[in-house]
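So you can see what is in the structure, the chains are spelled out below.
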Amino acid sequence: MTEVQVSGLTKKYGAKAALHELDLTIASGQFVTLLGPSGCGKTTTLRCLAGLERPTSGRIAMGDRIVVDTARRTFVPADKRRVGMVFQSYALWPHLNVTDNVAYPLKVARIPGRERAQRVQEMLDAVGLSDLGKRPVTALSGGQQQRVALARALAARPGIIFYDEPLSNLDSKLRYQMGQQVRALHNRFETTSVYVTHDQEEAITLSDRIIVMNEGVIVQDGTPSTLYDRPNSAYVADFMGFQNILPGTVVGVRGKTAEVRVDDTSHVFSGITTGEASVGNRADIAFRAAHARLCPAGSTGTGKFRGTVERTTYLGSAVNLLVRSDGLPMRVRAETAELSADAVPAAGEEHTFAVNPDRAVVIVREGATPAADDYLTTMTDAVVAPR
Ligand SMILES: Nc1ncnc2c1ncn2[C@@H]1O[C@H](COP(=O)(O)OP(=O)(O)OP(=O)(O)O)[C@@H](O)[C@H]1O
Ligand SMILES: [Mg+2]
């Protein structure tokens, strides 16, 4: 297990910065995921940490070793950093069989023959490939090849392993199984893991901590549940799967709860604020389709809206609805387990829905904070009334 400390990490390609002054500490034994869209700098971060890329400026420490310090021209190359890497493309040596692929880093580390054979067998057992040691790696399925890559990365017992979208080439069921295996191996071999993906579900299920990046900077850093429940920007909310992100203005605040009137509509929704909120602030109210519920016709009040179902998508366990209300398109997910078969909303029907105020988030866009008196007088009971 190795602690990683990154400060001021910048990587420029020509004039363009792929990473900009990144600061980051990863505790030893942590499983951290870098999440973000294509081009945001995930691979560049990993490559700088692994020693495959020379940063333009900054400092990286691993355990008690400084591996990069551009001010002192320190640069420890990849093979001297005691790190493991797993790539999307597997990157196995095609001319070697399974055993020899896994044994290779142990040879490099000069582990003697007998111990080497034991360690290889232990790794093949750990990834469920005990019987395939003699198989050429070219004669394996994608999932099996990825398990060889995992075994190889772990064989030399590195203190830290970097994973760059290791499961992207696998089908969804295998991806889930392999993800679980990656996490189990992380726990069993007590490594520190830095994992890159652009799949938010994978990030949530595997990680202790998720770091969301955008254009070479960190935009949010927290536990999976923080990222899932309390995105701090519309960008992160969108990335974490909030299907409804509606621009508006804060019209009431009480403690951590705020009411937002959605632009150009009469809709007022209540949600938890992710920062300081004051009446008059521009803000987005964001909620997941699953956090808006069908409710009895005639229900009214903050967070309720009536709308026409424009489209339904049947998913089996749920039906996704596109609902138009006061001109606004909104996405709602109705769980079939909670509805009798004939109560499932159909296109063309009008229904009433309620947004769960404990699950919606109010993301303030601008900071100006008027005096408390200003906004407390504008409070309506509806904001704080228990529902
Ligand atoms: N060798 C290179 N030369 C020039 N630009 C590069 C190079 N490598 C990466 N970049 C640029 O740096 C930025 C970050 O790239 P990076 O590969 O880190 O993104 P990523 O987050 O891993 O994306 P993806 O999800 O597509 O893998 C991109 O704009 C990319 O075009
Ligand atoms: Mg990448």
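Cut-offs applied
Residues numbered from 1 in each chain as written. Chains lettered and ligands numbered in written order. Predicted model: local features only at pLDDT ≥ 70, side-chain atom pairs only at ≥ 80, totals over all residues. Heavy atoms only, no water. Helix = DSSP H or I, 4+ residues; strand = E, 2+ residues; numbered from the N terminus. Contact = heavy atoms within 4.5 Å. Areas by Shrake-Rupley, 256 points an atom, 1.4 Å probe, with all protein chains shown as cover. Lys, Arg positive; Asp, Glu negative; His and termini not counted. Charge placed at Lys NZ, Arg CZ, Asp CG, Glu CD. Near = heavy atom within 4 Å. Polar contact = N/O pair within 3.5 Å; in protein donor to acceptor, adjacent residues only side chain to side chain. 1 Å grid on protein atoms, 1.4 Å probe; cavity = no way out; pocket = protein on both sides within 12 Å on 5 of 7 lines; lining within 4 Å. Points joined across faces, edges and corners; volume = space filled by probe spheres on them. Expected span 1.5 Å × (residues − 1). Buried < 20%, exposed > 50% of the residue type's maximum accessible area, 1.4 Å probe, protein only. Arc of directions from axis to C-beta. Domains from an automatic or database assignment. Core = buried A, V, L, I, M, F, W, Y, C linked by side-chain atoms within 4.5 Å. Axes fitted to C-alpha atoms, helices over the stretch in contact; angles between N-to-C directions. Parallel < 35°, antiparallel > 145°, perpendicular 65-115°, else oblique. Left-handed = near helix turned anticlockwise from the far one by under 90°. Disulfide = S-S within 2.5 Å. Pairing = 2+ DSSP bridges. Phe/Tyr/Trp six-rings, centres within 6.5 Å; stacked < 30°, edge-to-face > 60°. UniProt positions renumbered as here; feature names shortened; annotations may be inferred.

Here we look at the overall build of the chain
Looking only at helices and strands, the chain has 10 helices and 21 strands in total. Long-range contacts, defined as pairs at least 24 residues apart, comprise 66% of the intrachain contacts of the chain with a sequence gap of at least 6. Of the accessible surface of the chain, which amounts to about 18,000 Å², a share of 48% is contributed by carbon and sulfur atoms. Considering the chain, the positive charge centre built from 44 side chains and the negative charge centre built from 41 side chains are found 9 Å apart.

Some details on the site of ligand 1
Contacts to ligand 1 come from Y13, K16, A18, P37, S38, G39, C40, G41, K42, T43, T44 and E165. For ligand 1, an oxygen atom lies 2.8 Å from a polar atom in the backbone of G39. T44 has a polar side-chain atom sitting 2.5 Å from an oxygen atom of ligand 1. Considering ligand 1 on its own, with 640 Å² of exposed area, one finds that the protein chains cover 59% of that surface. The set of elements that each furnish at least two residues to the shell around ligand 1 consists of β2 (16-26) and α1 (42-50). Per-element accounting of the shell around ligand 1 gives the leading share, 3 residues, to α1.

Some thoughts on the layout of surface pockets
Here the largest pocket is characterised by a volume of approximately 690 Å³. When residues of the lining of the largest pocket are traced back to their parent elements, those giving at least two are β7 (83-87), α2 (98-108) and α4 (142-155). The leading source of residues in the lining of the largest pocket is β7, at 4 residues. Of the pockets and cavities examined, the second largest pocket occupies roughly 370 Å³.

Topic: helix α3 (residues 113-126)
For α3, spanning 14 residues, the distance from its first C-alpha to its last is 20 Å, which sits close to the expected 20 Å at 1.5 Å a residue. Taken together, the buried positions of α3 are R119, V120, M123, L124 and A126. Viewed along the axis of α3, the buried residues span an arc of 155 degrees, placing them on a single side of the element. Of the residues in α3, the exposed ones pointing more than 90 degrees away from the buried face are R114 and Q118. Check the buried side of α3 and you find it contacts α2, α4 and α5 (172-189). Following α3 by one or two positions, G128 adopts a phi angle in the positive range, close to 75 degrees.

A few points about the domain arrangement of the chain
In terms of domains, the chain is made up of domain 1 (4-229) and domain 2 (248-384). On a C-alpha basis, the centres of domain 1 and domain 2 stand 40 Å from each other.

Overview of the nonpolar core
If you look at the biggest cluster of nonpolar residues, it comprises 35 residues, and the most contacted ones within it are V102, V148 and L150. Within the residue set of this core, elements represented by two or more residues are α2, α3, α4, β8 (160-164) and α5. Broken down by element, the residue count for this core peaks at 7 residues, all from α4. Leave out the neighbours within four places in its chain, and V148 touches L92, V98, N101, V102, L129, V137 and L140.

A closer look at the packing of α4 against α5
Their axes nearest at 12 Å, the elements α4 and α5 cross at an angle of 15 degrees. In terms of axis orientation, α4 runs roughly parallel to α5. Crossing hand, α4 versus α5: right-handed. Facing α4, whose interface residues are G143, Q146, R147, L150 and L154, α5 presents L174, M178, Q181, V182, L185 and F189.

With respect to the state of the cysteines
Applying the stated criterion across every chain, the model contains 0 disulfides. Free of any disulfide, C40 has its nearest neighbouring cysteine sulfur in C48, separated by 13 Å.

Let's talk about the sheet that holds strand β17 (residues 304-314)
Ordered in space as β16-β20-β17-β18-β19, the 5 strands form an open sheet in which the pairing is antiparallel. Edge positions in the open sheet fall to β16 (292-295) and β19 (328-335), since each of these has one partner strand only. Within this sheet the neighbouring strands show an average axis-to-axis angle of 50 degrees, counted without direction. Summarising the sheet, β16 and strand β20 (residues 350-355) pair through 4 bridges and their orientation is antiparallel. By the bridge assignment for β20, R293 is matched with A354.

Notes on the sheet that holds strand β10 (residues 209-214)
Strands in a sheet are paired, the pairing made by backbone hydrogen bonds, and the direction either parallel or antiparallel. Spatial ordering of the open sheet is given by β7-β8-β9-β3-β10-β11, a layout of 6 strands whose pairing is mixed. In the strand order of this sheet, the two ends are held by β7 and β11 (217-222), each with one partner. Averaged over all pairs of adjacent strands, the angle between strand axes in this sheet comes to 20 degrees, irrespective of strand direction. Against the sheet, α4 engages β7 and β8, with an angle of about 170 degrees to β7.

A short note on the packing of aromatic side chains
Tallied over the full model, the rule gives 7 aromatic pairs. Pairing Y163 with Y195 gives two aromatic rings, centres 5.4 Å apart and planes at 45 degrees, and the pair type is tilted. Taken as a pair, Y163 in strand β8 and Y195 in strand β9 (residues 192-197) lie far apart in primary sequence, 32 residues in all. For the residue pair Y163 and Y195, the accessibility class agrees, reading buried in each case.

A few points about the UniProt feature "domain: ABC transporter" (unreviewed entry) in the chain
With numbering matched to this structure, UniProt assigns "domain: ABC transporter" (unreviewed entry) to residues 4-240. In the segment residues 4-240, helix accounts for 36% and strand for 28%; the C-alpha atoms at its two ends are 26 Å apart.

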